[in-house]
Amino acid sequence: MSNIIFVLNGPNLNMLGKREPGIYGGETLETIGEDCRSAGAKLCLEIDFRQSNHEGVLVDWIQEAGSRAKGIVINPGAYSHTSIAIHDAIRAVSPLPVAEVHLSNIHAREEFRHHSWVSSVATGMICGFGSQGYVMALHALAARLEAAQQKGQG
Ligand code: DQA
């Protein structure tokens, strides 16, 4: 099996570029996808980059990653703060490594963004570095994957 990484994006992230650029930056989701694919190529990762505004679709994709992918990068958007279904889906595909990413620093914003249901079940979380966080997450997953493969567990 090749090293497929699902990069999943939740609600309203299709609006990047137009949406609150002072908070989320001016890059579009399409450009972030290209950044991920070019970082992935250097790290020998095949990137499957997707976005949905629907919670159940994200749950379906996490389940699909459980059988097809070697890891997940997920920016769950506002579902981070509300979705026990996404929390449970990540638990269901354990021990698949999951990197949670947020463009903004959720801890420096409104209090309702401080808690994420995803963080406690993710392998790790990166926030506040804009689109660079996605690339950082891919590097982290690639290093983990390489370590697991060296131990014969990948
Ligand atoms: C976000 C932060 C969330 O609080 C927000 O609802 C988003 C984007 C981020 O990338 O900073 O939609 O996940």
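Notes on the structure follow. (Residues numbered from 1 in each chain as written. Predicted model: local features only at pLDDT ≥ 70, side-chain atom pairs only at ≥ 80, totals over all residues. Heavy atoms only, no water.)

For a regular strand, the rule is simple: side chains alternate between the two faces of the sheet. Among the six residues in strand β1 (residues 4–9), six count as buried, and that is most of the element. What you see with β1 is no split at all: Ile4, Phe6 and Leu8 on one side and Ile5, Val7 and Asn9 on the other are buried throughout. The pairing of β1 with strand β2 (residues 46–51) spans six bridges and is classified as parallel. Paired with Asn9 across the bridge in β2 is Gln51. (Buried < 20%, exposed > 50% of the residue type's maximum accessible area, 1.4 Å probe, protein only. Helix = DSSP H or I, 4+ residues; strand = E, 2+ residues; numbered from the N terminus. Pairing = 2+ DSSP bridges.)

Moving on to the site of the ligand. Taken together, Arg19, Tyr24, Asn75, Gly77, Ala78, His81, His102, Leu103, Ser104, Ile106 and Arg113 make up the full set of residues adjacent to the ligand. For the ligand, an oxygen atom lies 3.2 Å from a polar atom in the backbone of Ala78. His102 places a side-chain nitrogen or oxygen 2.8 Å from an oxygen atom of the ligand. Within the complex, 99% of the 320 Å² of free accessible area of the ligand lies under protein. Comparing atom positions with the cavity grids shows the ligand to sit within the largest cavity. Its residues assigned to classes, the shell around the ligand comprises four nonpolar, five polar and two charged. (Near = heavy atom within 4 Å. Polar contact = N/O pair within 3.5 Å; in protein donor to acceptor, adjacent residues only side chain to side chain. Areas by Shrake-Rupley, 256 points an atom, 1.4 Å probe, with all protein chains shown as cover. 1 Å grid on protein atoms, 1.4 Å probe; cavity = no way out; pocket = protein on both sides within 12 Å on 5 of 7 lines; lining within 4 Å. Sits in = over half its atoms within 2 Å of the grid points. Nonpolar A, V, L, I, M, F, W, Y, C, P; charged D, E, K, R; others polar.)

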